[in-house]
Amino acid sequence: MRIGILTGGGDCPGLNAVIRAVVRKAISQKDEVIGIRNGWRGLLEKKTMPLDLESVSGILPKGGTIIGTSRTNPYKTEGGVDLVKKNYAQLKLDALVAIGGEDTLGVATKLSQEGLKIVGAPKTIDNDLSATDFTFGFDTAVNIVTECIDRLHTTAESHNRVMVVEVMGRHAGWIAAYSGIAGGADYILVPEIPIDVEEVCSSIKKRHQRGKDFSIVVVAEGAAFKKGDLALQDKELDEFGHVRLGGIGNKLGELIEKKTGFETRVTVLGHIQRGGTPTAFDRVLGTRFGVRVYELIKEAKFGKMVSLRGNKIVDVELKEATGELKTLDMKLYDLAKIFFG
Ligand code: F6P
């Protein structure tokens, strides 16, 4: 068989583990794998690269994706879908592996309904896909943020400051909640619950009254004030209709300083959360996904996506991947709240 593989959307640690697993397993069965460059754009431009044992050697600890990615949506390009179908045929693909989040897998779902043989694997640091318990990349992001919170603790304590840490996660509070709990944050703000500034400030003041004159506040980029809009970096939408979130940390930091009188600093972690080497968990999950993806192709189970349920790798319909946004489990947030203030 000749299998194409592409990675779409924001890069995330663990993508290379999936690519390596597919290639290693396929080559051991005498199948061929080619990389489609830069997500769906590569299928529009027919840009590929060979993937052999040599090209996947040593990539397991590497962040990002060796085949590149983009946020290109063939459904937003004039004649894009026909071009993708034509190039799929010209490249003589027997199957395509699409690794991505809701956008990439949304395109994969539609193309698969149009007859292309596609199997998906879920990725995103945001962990917001309902069809899987965890996506790879999330664990790495959480570990990076946790380490940053640990570092901010020592400087916050030395200067008696409030430190606001803005983290990614789009419209779900998974990264904020997990890293906030792991890092011992004194308040965690998530998109699922509107920000009550008075409540945050009173909690910080109470901490001061009991002798703790520094605080760490973790805020998710998608969190918004009770009466307010999302903080945006610009108003432009990408090809999948998404806004660029960011800026809530600074707004919140200003308000906290004004209302409490405590010196406040803001750290926006940004793409640091997505870069660098994946954790062992993400490497293992990516590897398990990659091997199962290949098996699904061999079993001719197209239109499916691999998924983690409990500790089992299962397969689900591709369209389930994009059905519903998986927002934060509120039981986890209730647990986090025990440690506020
Ligand atoms: O979906 C992953 C993610 O990192 C989000 O957490 C974040 O909002 C977005 O991508 C950033 O996108 P970009 O890399 O295009 O700035």
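Note that the structure is predicted; figures quoted are calculated from it, not measured. (Residues numbered from 1 in each chain as written. Predicted model: local features only at pLDDT ≥ 70, side-chain atom pairs only at ≥ 80, totals over all residues. Heavy atoms only, no water.)

## With respect to the packing of helix 7 (residues 197-209) against helix 8 (residues 248-260)
Reasoning step 1: At a minimum axis separation of 10 Å, helix 7 and helix 8 run at an interaxial angle of 55°. In terms of orientation, helix 7 lies oblique with respect to helix 8. Helix 7 and helix 8 meet at a crossing whose hand is right-handed. Where helix 7 abuts helix 8, its residues V197, E198, V200, C201, I204 and K205 lie against L255, I256, K259 and T260. (Axes fitted to C-alpha atoms, helices over the stretch in contact; angles between N-to-C directions. Helix = DSSP H or I, 4+ residues; strand = E, 2+ residues; numbered from the N terminus. Parallel < 35°, antiparallel > 145°, perpendicular 65-115°, else oblique. Left-handed = near helix turned anticlockwise from the far one by under 90°. Contact = heavy atoms within 4.5 Å.)

## Remarks on empty space enclosed by the protein
Reasoning step 1: If you walk through the whole model with that rule in mind, you get one cavity of 30 Å³ or more.
Reasoning step 2: Its boundaries defined by the atoms lining it, the largest cavity holds a volume of some 30 Å³.
Reasoning step 3: Contributing to the lining of the largest cavity are G8, G9, W40, S70, R71, T72, D103, T104 and F240. (1 Å grid on protein atoms, 1.4 Å probe; cavity = no way out; pocket = protein on both sides within 12 Å on 5 of 7 lines; lining within 4 Å. Points joined across faces, edges and corners; volume = space filled by probe spheres on them.)

## Focus on the layout of surface pockets
Reasoning step 1: One number sums up the size of the largest pocket: a volume of about 670 Å³.
Reasoning step 2: What lines the largest pocket is a set of 35 residues, and nearest its centre among them are R71, M168, R170, E221 and R274.
Reasoning step 3: Elements that contribute at least two residues to the lining of the largest pocket include exactly helix 4 (102-113), strand 6 (162-167), strand 9 (232-234) and strand 10 (244-245).
Reasoning step 4: If one sorts the elements of the lining of the largest pocket by residue count, helix 4 sits on top with three residues.
Reasoning step 5: When grouped by side-chain class, the residues that make up the lining of the largest pocket number eight nonpolar, twelve polar and 15 charged.
Reasoning step 6: Looking at the lining of the largest pocket, you find at least three residues from each of domain 1 (2-137 + 278-321) and domain 2 (140-275). (Nonpolar A, V, L, I, M, F, W, Y, C, P; charged D, E, K, R; others polar. Domains from an automatic or database assignment.)

## Let's talk about the environment of S179
Reasoning step 1: Mapped onto the elements of the fold, S179 is located in helix 6 (residues 174-183).
Reasoning step 2: Spatially, the C-alpha atom of S179 lies 8.6 Å from that of A141, the residues being 38 residues apart in sequence.
Reasoning step 3: With sequence-adjacent residues up to four places away left out, S179 is seen in contact with V142, V145, T146 and I149.

## Some words on the domain arrangement of the protein chain
Reasoning step 1: When its domains are assigned, the protein chain resolves into domain 1 (2-137 + 278-321) and domain 2 (140-275).
Reasoning step 2: Contacts between the two partners involve 20 residues from domain 1, matched on the other side by 16 residues from domain 2.
Reasoning step 3: Between domain 1 and domain 2, the buried area comes to about 1600 Å², and carbon and sulfur atoms account for 52% of it.
Reasoning step 4: Counting across the domain 1 and domain 2 interface gives one salt bridge.
Reasoning step 5: Among the ionic pairs, R274 bridges to D11, the shortest N-O distance being 3.0 Å.
Reasoning step 6: Where domain 1 packs against domain 2, one counts eight residue pairs in polar contact (both at pLDDT 80 or more).
Reasoning step 7: Considering every element that reaches the side of domain 1 that touches domain 2, the biggest residue donor is helix 4, with three residues. (Buried area = accessible area lost by both parts, 1.4 Å probe. Salt bridge = Lys/Arg side-chain N within 4 Å of Asp/Glu carboxyl O. Polar contact = N/O pair within 3.5 Å; in protein donor to acceptor, adjacent residues only side chain to side chain.)

## Examining the sheet that holds strand 7 (residues 187-189)
Reasoning step 1: On the basis of which strands lie adjacent, the open sheet formed by four strands has the order 7-8-6-11 and parallel pairing. Only two strands of the sheet have a single neighbouring strand rather than two, namely strand 7 and strand 11 (264-268). Direction aside, the axes of adjacent strands within the sheet are offset by 15° on average.
Reasoning step 2: Pairing between strand 7 and strand 8 (residues 215-220): three bridges, direction parallel. Paired with I188 across the bridge in strand 8 is V218. (Pairing = 2+ DSSP bridges.)

## Section: the pairing of strand 6
Reasoning step 1: In terms of residue burial, strand 6 counts as a mostly covered element, since six of its six residues are buried.
Reasoning step 2: On strand 6, burial covers both faces: V162, V164 and E166 on one face and M163, V165 and V167 on the other are all buried.
Reasoning step 3: Where strand 6 lies against strand 8, six bridges are found, and the strand directions are parallel. Looking across to strand 8, one finds that M163 is bridged to I216.
Reasoning step 4: Pairing of strand 6 with strand 11 involves five bridges; the strand directions are parallel. What sits directly across from E166, in strand 11, is V268. (Buried < 20%, exposed > 50% of the residue type's maximum accessible area, 1.4 Å probe, protein only.)

## So, the pairing of strand 12 (residues 304-309)
Reasoning step 1: In terms of burial, strand 12 is a largely internal element, five of the six residues being buried.
Reasoning step 2: Note: strand 5 (residues 118-122) against strand 12, two bridges, orientation parallel. Counterpart to G120 in the pairing with strand 12 is M305.
Reasoning step 3: A loop of two residues connects strand 12 with strand 13 (residues 312-317), the two strands running antiparallel in sequence, and G310 in this loop sits at a positive phi of about 65°.

## Focus: the packing of helix 6 against helix 11 (residues 330-337)
Reasoning step 1: Remark: helix 6 packs on helix 11, axes separated minimally by 10 Å, with the N-to-C direction vectors making an angle of 35°. For the pair helix 6 and helix 11, the sense of crossing is left-handed. Contact with helix 6, carried on its side by W174, A177, Y178 and I181, involves L332, L335 and A336 of helix 11 and no other residues of that element.
Reasoning step 2: Per-class residue counts for the contact of helix 6 with helix 11 are seven nonpolar, no polar and no charged.

## Digging into the packing of aromatic side chains
Reasoning step 1: Enumeration over the complete set of coordinates arrives at eight aromatic pairs.
Reasoning step 2: Ring centres 6.2 Å apart and planes at 65° place the aromatic pair F136 and F289 in the edge-to-face group. You can see F136 sitting in the loop between strand 5 and helix 5 (138-159) and its partner F289 sitting in helix 9 (residues 280-298), a full 153 residues away along the chain.
Reasoning step 3: By relative accessible area, F289 is classed as buried at 0%.
Reasoning step 4: Measuring from ring centre to ring centre gives 6.4 Å for W174 and Y178, while their planes differ by 45°; the resulting arrangement is tilted. Highlighted residues: W174 and Y178, both in helix 6, separated by four residues, approximately one helical turn. (Phe/Tyr/Trp six-rings, centres within 6.5 Å; stacked < 30°, edge-to-face > 60°.)

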